Amino acid sequence: MNAPTPFDFASISERIQSEVQRAIQRSIKGVEYFSTSDPSLGSTPKDVLHSRGTMSLYHYRPMSDEIYRVPVLIVMATTNRGYILDLVPGQSFIEFLLRRGYDVYMLDWSAPRPEEKSLRMEDYVLDFIPDCIRRVQADSGEQDVSVVGYCFGGVLSLLYGSIHKDGPMKNLICFTTPIDFREMKLFSNFSDRRYFDVDRLIDSTGNMPPELILQSFDMLRPAARVVSQIQLWENIWNDEFVKSYRMFDRWATDTLPLAGEYFRAITKDLMWDNKLFNDTMSVGGRAARLDDITVPILHAVAEHDHIVPYEAAKHLIAKVGSADKEEVILKGGHVSLVAGANAVKRLWPKLDSWLGKRST
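Keep in mind the model is a prediction, meaning the values are calculated, not measured.

### Digging into the environment of Gly206
Examined against the element boundaries, Gly206 turns out to sit in the loop between helix 6 (198–205) and helix 7 (210–220). Taking C-alpha positions, Gly206 is 9.4 Å from Leu258, a pair spaced 52 residues apart along the chain. Those residues in contact with Gly206 that sit more than four places away from it in its chain are Lys117, Leu201 and Gly260.

Okay, structure coming up:
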């Protein structure tokens, strides 16, 4: 019979001291967390080229001596602020594009005012985007424009491209863009026409309140916020973890309201009737069929996207009429696909490789 292994009292003492020091450091860092302001985001130098109502068009200042001929217009989702693509130096998609030699513009959104509740889908697709395209053309001196759409910004870009099929969009890149809205399971249940009276909601509130939008996102992962706060406390001593947490948490809770008539159209045309997928979508009386899009297109989707599941996004490449088209599936979630350490290594180089050869 083997003799019992003696306790290593020195090791136990070291572990206790280590945990005590970690607890002290957590407490100190916790005080720092609550006493310091949020990090400054979206700081890449830019100029406001045009601003009108809920729409702002930015032009980022070049960071490369040689610039690709074709400018890039990024169209953000209407629920989210564009600084997710411009977090901090070294973790900014915008900065990456600029350093790689692209001429970058962004169509970003602010909260619609109460008097803007009457904004419709056609205001976004047939007015805001074309207006920005024209201004990008005038400012850059180029007729061709590449468009990058993130999430619902991708939907708006697809609607624009299908209606303006003869140009001037030269290339289209979509990130995590839903096509089959039946597969947006929780959102479909949330907006089920049997229970969700969208007319009464919008007639009562004017604009879709951001709190309802944020709650619908939280319902996708009910325990996610609690889990993330636990992870924050466990890693509060880690400055890099805390920095990343604060950036993404600030953006995730900075949700925009949606103009009332615009949200009404999203609910009825896309969530209820699935018109984009069924090839029956029209905007302002103009047919918007995906097979009318023939420009080169890249669609990047995330393996673990809980907001736009792959089942909701996978039909895009099959339905567009382009000969030059590609889908790329990358590890990550809805946000980590485009921002953060994974995006730096995966999506950004892939996009640069694809877009560079199509921007001359």
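### Overview of helix 4 (residues 152–163)
Between its first and last C-alpha, helix 4 extends 17 Å over 12 residues, near the 16 Å set by a 1.5 Å rise per residue. The buried fraction of helix 4 amounts to 12 of the 12 residues, a majority that puts the element mostly inside the structure. Every buried residue of helix 4 is accounted for by Phe152, Gly153, Gly154, Val155, Leu156, Ser157, Leu158, Leu159, Tyr160, Gly161, Ser162 and Ile163.

### Notes on the packing of helix 3 (residues 121–140) against helix 4
Interaxial distance between helix 3 and helix 4 falls to 10 Å at its minimum, and their mutual angle equals 75°. Classed by the angle they form, the pair helix 3 and helix 4 counts as roughly perpendicular. Residue-level inspection shows Met121, Tyr124, Val125, Leu126, Ile129, Pro130 and Ile133 of helix 3 in contact with helix 4, the latter providing Leu156, Ser157, Leu159, Tyr160 and Ile163. For the contact of helix 3 with helix 4, the residue count by class is 11 nonpolar, one polar and no charged.

### Description of the confidence of the model for the chain
The share of residues in the chain with pLDDT of 70 or more is 78%, and the mean pLDDT across the chain is 84. Mean pLDDT per element in the chain: helix 8 (residues 224–234) is the minimum at 52, and strand 3 (residues 72–75) is the maximum at 98.

### Thoughts on unusual backbone geometry
Glycine aside, the phi torsion of most residues is negative, and most peptide linkages are trans. The amide bond that connects Gly167 to the next residue, Pro168, takes the cis arrangement and shows omega of 10°. Positive phi is not limited to glycine here, since Cys151 has a value of about 55°. For Cys151, a relative accessible area of 12% translates into the label buried. Positive phi, normally seen in glycine, also occurs at Asp279, with a value near 60°. Positionally, Asp279 belongs in the loop between helix 11 (275–278) and strand 7 (282–283).

### Points about the pattern of salt bridges
Applying the stated criterion across every chain yields a total of 27 salt bridges. One network of salt bridges, in which partners are shared, links Asp199, Asp203, Glu261, Arg264 and Lys268.

### Brief notes about the sheet that holds strand 9 (residues 297–302)
Strand order across the open sheet formed by eight strands is 1-2-4-3-5-6-9-10, with mixed pairing between neighbours. Taken across any chain shown, the strands that pair with only one partner, and hence form the sheet edges, are strand 1 (46–52) and strand 10 (325–330). On average, adjacent strands in this sheet sit at an angle of 20° to one another, irrespective of strand direction. Taken together, the five bridges between strand 2 (residues 55–60) and strand 4 (residues 104–109) define a ladder with antiparallel strand orientation. Of the residues in strand 4, the one forming a bridge with Met55 is Trp109. Those strands touched by helix 15 (residues 347–356) are strand 3, strand 5 (145–150), strand 6 (169–175), strand 9 and strand 10, and its axis lies near 165° from that of strand 6.

### Considering the side chain of Thr78
Relative to the assigned elements, Thr78 resides in the loop between strand 3 and helix 2 (93–99). A distance of 2.9 Å separates polar atoms of two side chains, one belonging to Thr78 and the other to Tyr262. Once residues within four sequence positions are removed from consideration, Thr78 is found in contact with Trp109, Tyr124, Phe152, Leu156, Leu256, Pro257, Leu258 and Tyr262.

### What about the nonpolar core?
The biggest cluster of nonpolar side chains holds 103 residues, and the ones touching the most others in it are Leu73, Ile74, Met121 and Phe175. With eight residues, the top contributor of residues to this core is helix 3. Every residue in contact with Phe175, bar those within four places of it in the chain, is listed here: Phe93, Val148, Gly149, Tyr150, Cys151, His299, Ala300, Val338, Leu347 and Leu351.

### What to know about the side chain of Asp305
As for its placement among the helices and strands, Asp305 is situated in the loop between strand 9 and helix 12 (310–313). Within the local environment of Asp305, its side chain forms a polar contact with the backbone nitrogen of Ile307, the two atoms lying 2.9 Å apart. For Asp305, the side chain forms a polar contact with the main-chain nitrogen of Val308, separated by 2.8 Å. Sequence-distant contacts of Asp305, defined by excluding residues within four places in its chain, comprise Thr176, Gly332, Gly333 and His334.

### Considerations on the packing of aromatic side chains
A full pass over the atoms with the stated rule returns 10 aromatic pairs. Ring geometry for Phe93 against Phe175: centres 6.0 Å apart, planes inclined by 70°, an arrangement best described as edge-to-face. Of this pair, Phe93 sits in helix 2 while Phe175 is found in strand 6, placing the two residues 82 residues apart along the sequence. The same class applies to Phe93 as to Phe175, namely buried. The ring of Phe277 has Lys319 sitting right over it, with the charged end atom 5.0 Å from the ring centre.

### Brief notes about the pairing of strand 4
Counted residue by residue, strand 4 has six buried out of six residues, so it is predominantly covered. Here strand 4 shows a buried face lined by Val104, Met106 and Asp108 and a second buried face lined by Tyr105, Leu107 and Trp109. Pairing between strand 3 and strand 4: four bridges, direction parallel. What sits directly across from Val75, in strand 4, is Leu107. The parallel pair strand 3 and strand 4 is bridged by helix 2, and the resulting crossover is right-handed.

Thresholds, definitions, all that
- Residues numbered from 1 in each chain as written.
- Predicted model: local features only at pLDDT ≥ 70, side-chain atom pairs only at ≥ 80, totals over all residues.
- Heavy atoms only, no water.
- Helix = DSSP H or I, 4+ residues; strand = E, 2+ residues; numbered from the N terminus.
- Contact = heavy atoms within 4.5 Å.
- Expected span 1.5 Å × (residues − 1).
- Buried < 20%, exposed > 50% of the residue type's maximum accessible area, 1.4 Å probe, protein only.
- Axes fitted to C-alpha atoms, helices over the stretch in contact; angles between N-to-C directions.
- Parallel < 35°, antiparallel > 145°, perpendicular 65-115°, else oblique.
- Nonpolar A, V, L, I, M, F, W, Y, C, P; charged D, E, K, R; others polar.
- pLDDT = per-residue confidence, 0-100.
- Salt bridge = Lys/Arg side-chain N within 4 Å of Asp/Glu carboxyl O.
- Pairing = 2+ DSSP bridges.
- Polar contact = N/O pair within 3.5 Å; in protein donor to acceptor, adjacent residues only side chain to side chain.
- Core = buried A, V, L, I, M, F, W, Y, C linked by side-chain atoms within 4.5 Å.
- Phe/Tyr/Trp six-rings, centres within 6.5 Å; stacked < 30°, edge-to-face > 60°.
- Lys NZ or Arg CZ within 6 Å of the ring centre and 35° of its normal.
- Right-handed = clockwise from strand over helix to strand, strands pointing away.

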